[in-house]
Amino acid sequence: MGPTGGAARPGRFFGVYLLYCLNPRHRGRVYVGFTVNPARRVQQHNGGRKKGGAWRTSGRGPWEMVLIVHGFPSAVAALRFEWAWQHPQASRRLAHVGPRLRGEATFAFHLRVLAHMLRAPPWARLPLTLRWLRADFRQDLCPPPPPHVPLAFGPPLPRASAPRRRAADTESELEHDAETRCTLCARVLQDEEDPLCCPHPGCSLRAHVICLAEEFLQEEPGQLLPLEGQCPGTQVLAWRRLVILILSPTNHTPGSCKNSLLWGDLIWLCRMGTEEEEEDLELEEEHWTDMLEI
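Residues numbered from 1 in each chain as written. Predicted model: local features only at pLDDT ≥ 70, side-chain atom pairs only at ≥ 80, totals over all residues. Heavy atoms only, no water.

Comments concerning the overall build of the chain
We apply this condition: Runs of E in the DSSP output that reach at least two residues are strands. Runs of H or I that reach at least four are helices, and both are numbered from the N terminus. The buried label applies to any residue whose accessible area, calculated with a 1.4 Å probe on protein chains only, is under 20% of its type's maximum; exposed applies above 50%, and partly exposed to all values in between. The contact criterion used throughout is that any non-hydrogen atoms of two residues lie within 4.5 Å. For accessible areas, the Shrake-Rupley method is used with a probe of radius 1.4 Å. Any residue's cover is judged against the shown protein chains and nothing else.
A tally of regular secondary structure across the chain gives six helices and nine strands. In the chain, which comprises 294 residues, the proportion classed as buried is 43%. A separation threshold of at least 6 residues defines the contact pool for the chain, and within that pool the share at least 24 residues apart is 66%. For the chain, the accessible area works out to roughly 16,500 Å², and carbon and sulfur atoms hold 53% of it.

A closer look at the packing of aromatic side chains
To keep things clear, this is the line we draw: A pair of Phe, Tyr and Trp rings is counted when the ring centres sit within 6.5 Å of each other, with Trp represented by its six-membered ring. The angle between the planes then sorts it: under 30 degrees is stacked, over 60 is edge-to-face, the rest tilted.
Summed over the entire model, instances satisfying the criterion amount to eight aromatic pairs. Plain terms: the ring middles of Phe81 and Trp85 are 6.1 Å apart, the flat faces sit at 70° to each other, and that makes the pair edge-to-face. In this pair, Phe81 and Trp85 both sit in helix α2 (residues 75-86), four residues apart, roughly one turn of the helix. Judged by its relative accessible area of 0%, Phe81 is buried. Look at Trp85 and you get buried, because its relative accessible area is 1%.

Here's the deal with the confidence of the model for the chain
As a reminder of what qualifies: You can read pLDDT as the predictor saying how much it trusts each residue, on a scale of 0 to 100.
With 69% of its residues at a pLDDT of 70 or more, the chain shows a mean pLDDT of 77. The model gives residues 162-178 a pLDDT under 50, and that stretch makes 30 contacts with residues more than four places away or in other chains.

A few points about the side chain of His70
Filter applied, for reference: N or O atoms closer than or at 3.5 Å make up a polar contact, with two conditions inside protein: a donor-capable atom paired with an acceptor-capable one, and, for residues adjacent in sequence, both atoms drawn from side chains.
Position of His70 among the secondary structure elements: in strand β3 (residues 63-70). A residue is classified by how much of its surface remains accessible, and His70, at 10% relative accessible area, is buried. A distance of 3.1 Å separates a polar atom in the side chain of His70 from a polar atom in the side chain of Arg131. Every residue in contact with His70, bar those within four places of it in the chain, is listed here: Phe13, Phe14, Gly15, Pro127, Leu128, Thr129 and Arg131.

Here we look at the sheet that holds strand β4 (residues 129-132)
To keep it simple, the criterion reads: Between any two strands, pairing holds if DSSP finds at least two bridges. Note on geometry: axes are lines fitted to C-alpha atoms, helical ones only across the stretch in contact, with angles between N-to-C directions running from 0 to 180 degrees.
Strand order across the open sheet formed by five strands is β2-β1-β3-β4-β5, with mixed pairing between neighbours. The sheet is open, and its two borders are formed by β2 (30-35) and β5 (151-153), each paired with just one other strand. Along the sheet, successive strands turn relative to each other by an average axial angle of 25°, direction set aside. Across three bridges, the pairing between β4 and β5 is parallel. When the bridges of β5 are listed, Arg131 appears paired with Ala152. Sheet strands touched by helix α1 (residues 38-47): β1 (15-21), β2 and β3. Its angle to β3, the strand with the most contacts, is close to 145°.

Considering unusual backbone geometry
Here the residue pair Pro121 and Pro122 is connected by a cis peptide bond, since its omega of 0° sits within 30 degrees of zero. Position of Pro122 among the secondary structure elements: in the loop between α3 (106-117) and β4. One non-glycine residue, Ala186, lies in the positive phi region at around 70°. Within the secondary structure layout, Ala186 lies in the loop between β5 and β6 (196-197).

Structural notes on the side chain of Arg131
By the secondary structure assignment, Arg131 is in strand β4. Taking relative accessible area as the criterion, Arg131 reaches 3% and is therefore assigned buried. At 3.4 Å, the side chain of Arg131 forms a polar contact with the backbone oxygen of Phe153.

Structural notes on the environment of Pro145
Checked against the element boundaries, Pro145 lands in the loop between β4 and β5. Residue classification places Pro145 among the partly exposed positions, given a relative accessible area of 24%. When the C-alpha atoms of Pro145 and Leu128 are compared, they prove to be 9.8 Å apart, with 17 residues separating the residues in sequence.

A short note on the pattern of salt bridges
Under the convention used in this document: Salt bridge, as used here, is a side-chain nitrogen of Lys or Arg placed within 4 Å of a carboxyl oxygen of Asp or Glu.
For the structure on display, the rule yields four salt bridges. Notably, a salt bridge pairs Glu64 with Arg134, separated by 3.5 Å at the nearest N-O pair. In this pair, Glu64 sits in strand β3 while Arg134 sits in the loop between β4 and β5, placing the two residues 70 residues apart along the sequence. The residue Asp140 makes a salt bridge to Arg138 at a minimum N-O spacing of 3.6 Å. Look at Asp140 and you get exposed, because its relative accessible area is 66%. Connected through salt bridges with shared partners, the residues Glu64, Arg134 and Asp136 form a single ionic network.

Set out below in structure tokens:
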């Protein structure tokens, strides 16, 4: 399985947060926003518009960032989530949620909307994490998040900076062929294509994104975005290890991987090392999930 909700993941950070106003004059107000840096963003809100805060929060602080949803594959995906959370009545995905009830606190209403968003497509298929930054504000969501969405507490860990997994780092590449082919369709992988690779040592999986998605979705033919699946790759073992496996009784079949893989983790691993450090406010990044309608 993939990393837990508290583990640092490689790549850019895209999150959508909920602010809560602690000012007695405005206590109970909330604000939904997008950020690539939670600690910096809450300082901007409390610093006012001159410090980069939003006009709706300026002069009404202090504000506390109580929760954040992160793990979006791109800034555009996170911004669409932010917009729908801010305007649930305008999103056709949330038509079933209904307006704020009489006597319902603003904070409770936003949690109710969030609960339904995490269960609605396309967000229900994304590798998101629900993180409570203030445990004393925590409430159970109804309906609860999908099983693949972990619950985490405390500030996000610093981004992992591990180098991208290279073919030469594994035992799977005993020979460097001039043409690398997709494990599933056997077509040549072009230079501009970043194949999905299994992170487990010795696995030779190299596959087109679409090919592996179709493989993972065999049990869910009505879906477009996978959640997880078993690796279809094979393990090409060094001779010494192969002899040990043959001579030692084992229930493991040499040559098969079959490890369970989370789709979101595969995408993150594929993107490692392909992105240069960019300005944090650059939001023009495109991703194939951005075409999914809200």
